[in-house]
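Coordinate analysis (summary)
Listed below, chain by chain, are the residues.
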Amino acid sequence: TSIALATSLLAVPVSAKEKPPVFVEAKPVKDSKTAVTINPAKAYVYVRTSNAMPLHFVRIPSADDQTAYEKLKAAAFVEAREDYEKALKKYERDLALSKQSSGVKKPKKPVEPTEANFQFLSFGQLANFTVGTFNRFQSKGGSSYLHEVTPGTYRIYGQVDPLLGFGVCYCMGSVTFEANAGQVTDL
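Notes on the structure in this doc start here. (Residues numbered from 1 in each chain as written. Predicted model: local features only at pLDDT ≥ 70, side-chain atom pairs only at ≥ 80, totals over all residues. Heavy atoms only, no water.)

With 27 residues, the main nonpolar core has Val-45, Phe-57, Phe-129 and Tyr-154 as its most contacted residues. Of all the elements in the fold, those that place two or more residues in this core are β2 (43-49), β3 (55-60), α2 (63-100), α3 (123-126), β4 (128-131), β5 (143-149), β6 (152-161) and β8 (176-179). The residues touching Phe-129, leaving out its near neighbours within four places in the chain, are Val-24, Ala-26, Val-45, Leu-55, His-56, Phe-57, His-147, Val-149 and Tyr-154. Val-29, Tyr-44, Tyr-46 and Leu-146 belong to the second largest nonpolar core, which has five residues in total. (Core = buried A, V, L, I, M, F, W, Y, C linked by side-chain atoms within 4.5 Å. Buried < 20%, exposed > 50% of the residue type's maximum accessible area, 1.4 Å probe, protein only. Helix = DSSP H or I, 4+ residues; strand = E, 2+ residues; numbered from the N terminus. Contact = heavy atoms within 4.5 Å.)

Right under this line is the structure:
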């Protein structure tokens, strides 16, 4: 439920005039007979493997990212509190009705969201991308992948199957690298 709530909040602006933050944009770069044009505002991650293999990356938040994430989480908490207030009123009406009529099932009281029990997606769940097994840049002599990504510091999370949504975690996320704007980071 909390994942569905958080995901739905991402589609709704934090305030009426703001769009929700996008922490990572990533797209594969296709092989081309001509030179690849580098966008100076984007970073590029290049991965070569002996065979087709998915690899998952998580972006480490900058101070600005962390502030935007906290704002998004706070807005989600406010919305959860508003939803709770509505659910509580409905519960109280239904409870009164169940006391007046025999055979009416007593409703279940909604759980009040608090700072301690409020669940929200982690920053890493909102700021990640997977390279491979599809969208290879080149497949001669193995597989190579080139992705255009949001500049920043990334952690190699591990081998993840994007279709199944799970995989193997590598070294508990200790391998990090900087992906700088206008540059290709060769992993």
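Having seen the model, we can carry on.
Turning next to the packing of aromatic side chains. What the rule picks out here adds up to ten aromatic pairs. With centroids separated by 5.8 Å and ring planes inclined at 90 degrees, the aromatic side chains of Phe-57 and Phe-177 adopt a geometry described as edge-to-face. One end of the pair, Phe-57, is in strand β3; the other, Phe-177, is in strand β8, and 120 residues separate them in sequence. Judged by relative accessible area, Phe-177 falls into the buried class, the value being 10%. Ring centres 5.6 Å apart and planes at 85 degrees place the aromatic pair Phe-129 and Tyr-154 in the edge-to-face group. Here Tyr-154 lies in strand β6 and Phe-129 lies in strand β4, a separation of 25 residues in the sequence. Using a relative accessible area of 5% as the deciding quantity, one classes Phe-129 as buried. A network of ring pairs unites the aromatic residues Phe-23, Tyr-69, Phe-77, Phe-118, Phe-120 and Phe-123 as a single cluster. (Phe/Tyr/Trp six-rings, centres within 6.5 Å; stacked < 30°, edge-to-face > 60°.)

By the criterion of burial, β3 is predominantly enclosed, with five of the six residues buried. Note that β3 and β4 share four bridges and pair antiparallel. Counterpart to Phe-57 in the pairing with β4 is Phe-129. (Pairing = 2+ DSSP bridges.)

Our focus in this paragraph is the pattern of salt bridges. One pass over the structure, following the stated rule, counts seven salt bridges. As a salt-bridge pair, Glu-148 and Lys-27 come within 3.8 Å of each other at their nearest N and O atoms. Separated by 121 residues along the polypeptide, Glu-148 in strand β5 and Lys-27 in strand β1 (residues 26-28) bring together distant segments of the chain. Glu-148 gets classed as buried once you look at its relative accessible area, which sits at 14%. Lys-27 gets classed as partly exposed once you look at its relative accessible area, which sits at 47%. Connected through salt bridges with shared partners, the residues Arg-81, Glu-85 and Glu-112 form a single ionic network. (Salt bridge = Lys/Arg side-chain N within 4 Å of Asp/Glu carboxyl O.)

Residue position: Thr-176 is located in strand β8. Considered as a pair, Thr-176 and Ile-60 are 116 residues apart in the sequence and their alpha carbons are 8.9 Å apart. If sequence neighbours within four positions are ignored, Thr-176 has contacts with Ile-60, Thr-153, Tyr-154 and Arg-155.

Moving on, we get to the sheet that holds β5. In spatial order, the strands read β1-β5-β2-β9; together these four strands make up an open sheet with mixed pairing. Looking at the sheet topology across the chains shown, the edges are occupied by β1 and β9 (184-186). Sheet twist, expressed as the mean angle between neighbouring strand axes with direction ignored, is 25 degrees. Relative to β9, β2 is paired through three bridges, and the arrangement is parallel. When the bridges of β9 are listed, Val-45 appears paired with Thr-185. (Axes fitted to C-alpha atoms, helices over the stretch in contact; angles between N-to-C directions.)

This next bit is on the side chain of Lys-42. Note that Lys-42 resides in the loop between β1 and β2. Look at Lys-42 and you get buried, because its relative accessible area is 16%. A distance of 2.6 Å separates the side chain of Lys-42 from the side chain of Glu-25, its partner in a polar contact. Setting aside residues up to four positions removed in sequence, Lys-42 forms contacts with Glu-25, Glu-148, Val-149, Thr-150, Pro-151, Asn-180, Ala-181, Gly-182 and Gln-183. (Polar contact = N/O pair within 3.5 Å; in protein donor to acceptor, adjacent residues only side chain to side chain.)

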